[in-house]
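Residues per chain are reported as follows:
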Amino acid sequence: MSLLVKAGKGREIADITPHSAGWQHVGFRAVRLAVGEQESWQDAGRECCLVVLTGKVAVQAGSLYWDSLGERSSVFDEQAPWAVYVPAGEPLTITALTPAEVALCSAPGQPGREVRLIAPASMQRSVRGKGANTRYVTDILPQTEPADGLLVVEVITPSGHSSSYPPHKHDLDNLPAESALEETYYHRIDPPQGFAFQRVYTDDRSLDESHAVENHDVMMVPRGYHPVCVPYGYQSYYLNVMAGPKRQWSFHNDPQHEWLLQLPD
């Protein structure tokens with residue numbers, strides 16, 4: 001089975017479950033909603049983080065209601081998204097107030113946590129890397145914020161730059177050196193007719209796949225290193241969902257390429 005999941009052209013863009021991916025933890029669903037359309041979620045054994053990628057939506061989550069969330073017309077806008085954390089067992093209903101695109105990120109969880117709004121102002125935004133490895137990161141649901149298993153982050157990589165680079169992996173349960181986390185990359189490209197490249201490979205090359213990813217495609221990363229390269233003239237956005245047996249992001253760089261960290265600015 002290919003690690004590349006091509007985008008759907010209709011309402012459903014992507015729907016990746018642990019069963020369809022052949023793994024245990026990460027779920028990812030992205031949908032386009034026309035005005036008035038709804039998307040619902042409820043799972044007794046899984047928590048969810050709703051990310052309002054574009055457009056405006058009303059959200060009912062458990063007993064809480066927000067009549068208008070979302071400010072971005074594009075994921076490339078210079079602002080963080082609105083998000084809502086929904087613990088296992090709580091119902092979620094999203095109603096589009098404008099044409100909207102939303103993502104539902106999920107992982108195994110236990111009932112008992114509180115529904116909460118994650119406002120853009122609460123998200124840490126940072127610059128990672130240097131030179132042509134510079135990219136811009138927004139922590140939506142980091143390990144410093146409460147959840148059972150989910151980690152959610154979005155990254156913008158400029159034209160001609162590399163990202164998730166030097167190549168790193170997180171597939172061994174060997175904390176504090178490395179954690180075992182499955183991951184999805186939901187890709188967006190600007191302008192939308194463009195593409196980026198992503199490779200997923202292991203040290204022994206028992207897994208080694210490279211793909212040209214197009215707008216709205218998803219790459220699944222069950223294990224291994226997973227760098228992204230963006231051609232000149234296009235910029236890349238991706239939404240990462242990670243989860244595993246322990247909720248901690250600790251990664252291991254590919255030793256063959258770690259020397260890149262010593263290059264001058």
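See the structure above.
Starting from 1, residues in each chain are numbered consecutively following that chain's sequence as written. Thresholds applied to this predicted model are a pLDDT of at least 70 for local features of residues and 80 or more for the giving and counting of side-chain atom pairs; totals over whole chains, interfaces and linings are not thresholded and use all residues. Water and hydrogen atoms were dropped before computing side-chain values, which therefore reflect all heavy atoms in the structure.

On to the nonpolar core. The definition of a nonpolar core used throughout is a set of buried Ala, Val, Leu, Ile, Met, Phe, Trp, Tyr and Cys residues joined through side-chain atoms within 4.5 Å. Each residue is assigned to one of three classes by its accessible area relative to the maximum for its type, calculated with a 1.4 Å probe on protein chains only: buried under 20%, partly exposed between the two thresholds, exposed over 50%. Counting 35 residues, the largest nonpolar core has Phe28, Cys49, Val51, Cys105, Val152 and Leu239 as the members making the most contacts within it. Residue contributions to this core peak at four residues, all from strand β24 (residues 235-243). Contact criterion: two residues are considered in contact whenever any of their non-hydrogen atoms come within 4.5 Å of each other. Excluding residues within four positions of it along the chain, Cys49 makes contact with Ala83, Val84, Ala103, Leu104, Cys105, Ile118, Ile140, Leu141, Leu150 and Val152. Ranked by size, the runner-up nonpolar core spans 21 residues in total, among them Leu50, Ala61, Val102 and Leu104. Secondary structure counts use DSSP, requiring at least four H or I residues in a row for a helix and at least two E residues in a row for a strand, with both numbered from the N terminus.

Strand pairing follows a simple DSSP-based rule, namely that at least 2 bridges must link the two strands. Taken together, seven strands build an open sheet; the order of strands is β1-β22-β19-β24-β14-β13-β12 and the sheet is antiparallel. In this open sheet, the two strands that pair with only one neighbour each are β1 (4-5) and β12 (124-128). Strand direction decides the pairing type here: strand β13 (residues 135-141) and strand β14 (residues 151-157), joined by five bridges, are antiparallel. If you follow Val137 over to β14, its bridge partner there is Val155.

Another aspect to go through is the pattern of salt bridges. Each reported salt bridge corresponds to a side-chain nitrogen of Lys or Arg within 4 Å of a carboxyl oxygen of Asp or Glu. One pass over the structure, following the stated rule, counts 15 salt bridges. Notably, a salt bridge pairs Glu178 with Lys169, separated by 2.8 Å at the nearest N-O pair. The exposure class assigned to Glu178 is buried, which follows from its relative accessible area of 4%. Residues participating in the shared-partner salt-bridge network are Arg11, Glu12, Asp15, Arg29, Glu37 and Glu39.

For the rest of this paragraph, the subject is the environment of Glu78. Positionally, Glu78 belongs in the loop between β7 (64-69) and β8 (82-86). The exposure class assigned to Glu78 is exposed, which follows from its relative accessible area of 69%. Linking Glu78 and Val155, residues 77 residues apart in sequence, is a C-alpha distance of 12 Å.

Moving on, we get to unusual backbone geometry. Among all residues except glycine, the phi angle is most often negative; among peptide bonds, the trans geometry is most common. Cis peptide bonds are those with omega within 30 degrees of zero, and the linkage from Tyr165 to Pro166 qualifies with 0°. Mapped onto the elements of the fold, Pro166 is located in the loop between β15 (162-163) and β16 (168-169). Cis peptide bonds are those with omega within 30 degrees of zero, and the linkage from Asp190 to Pro191 qualifies with -5°. Locating Pro191 in the fold gives a position in the loop between β19 (182-190) and β20 (195-201). Positive phi, normally seen in glycine, also occurs at Ser164, with a value near 50°. Overall, Ser164 belongs to the buried group, its relative accessible area being 5%.

With antiparallel pairing, the four strands of this open sheet are ordered in space as β4-β9-β6-β7. Looking along the sheet, the strands with just one partner apiece sit at the ends: β4 (38-41) and β7. Within this sheet the neighbouring strands show an average axis-to-axis angle of 10°, counted without direction. Bridge analysis of β4 against strand β9 (residues 92-96) gives four bridges, and the strand direction is antiparallel. When the sheet's bridge partners are listed, Ser40 is paired in β9 with Thr93. Axis angles are defined between N-to-C directions and span 0 to 180 degrees, where every axis is a line fitted to C-alpha atoms and, for a helix, only to the segment in contact.

This part takes up the pairing of β13. Buried residues dominate β13, accounting for six of its seven residues. As paired elements, β12 and β13 share five bridges and run antiparallel to each other. In the sheet register, Arg128 faces β13, and the bridge partner there is Arg135. Linkage of β12 to β13, two consecutive antiparallel strands, is achieved through a turn of six residues, within which Gly129 is found at a positive phi near 85°.

Working definition: rings of Phe, Tyr and Trp (its six-membered ring) pair if their centres are within 6.5 Å, and the pair is stacked with planes under 30 degrees apart, edge-to-face with planes over 60 apart, and tilted otherwise. All chains considered together, the criterion is met by six aromatic pairs. Look at Phe76 and Tyr237: their rings are 6.3 Å apart centre to centre, the planes differ by 70°, and that puts the pair in the edge-to-face class. In this pair, Phe76 sits in the loop between β7 and β8 while Tyr237 sits in strand β24, placing the two residues 161 residues apart along the sequence. Per residue, the accessibility class of Phe76 equals that of Tyr237, and both read buried. For the ring pair Tyr185 and Tyr238, a centre distance of 4.6 Å and an interplane angle of 50° mean the geometry is tilted.

With that out of the way, let us pick up the side chain of Thr184. Relative to the elements of secondary structure, Thr184 occurs in strand β19. The class of Thr184 is buried, set by a relative accessible area of 1%. Those residues in contact with Thr184 that lie beyond four places of it in its chain are Ile16, Trp23, Val26, Phe28, Val218, Met219, Leu239, Asn240 and Val241.

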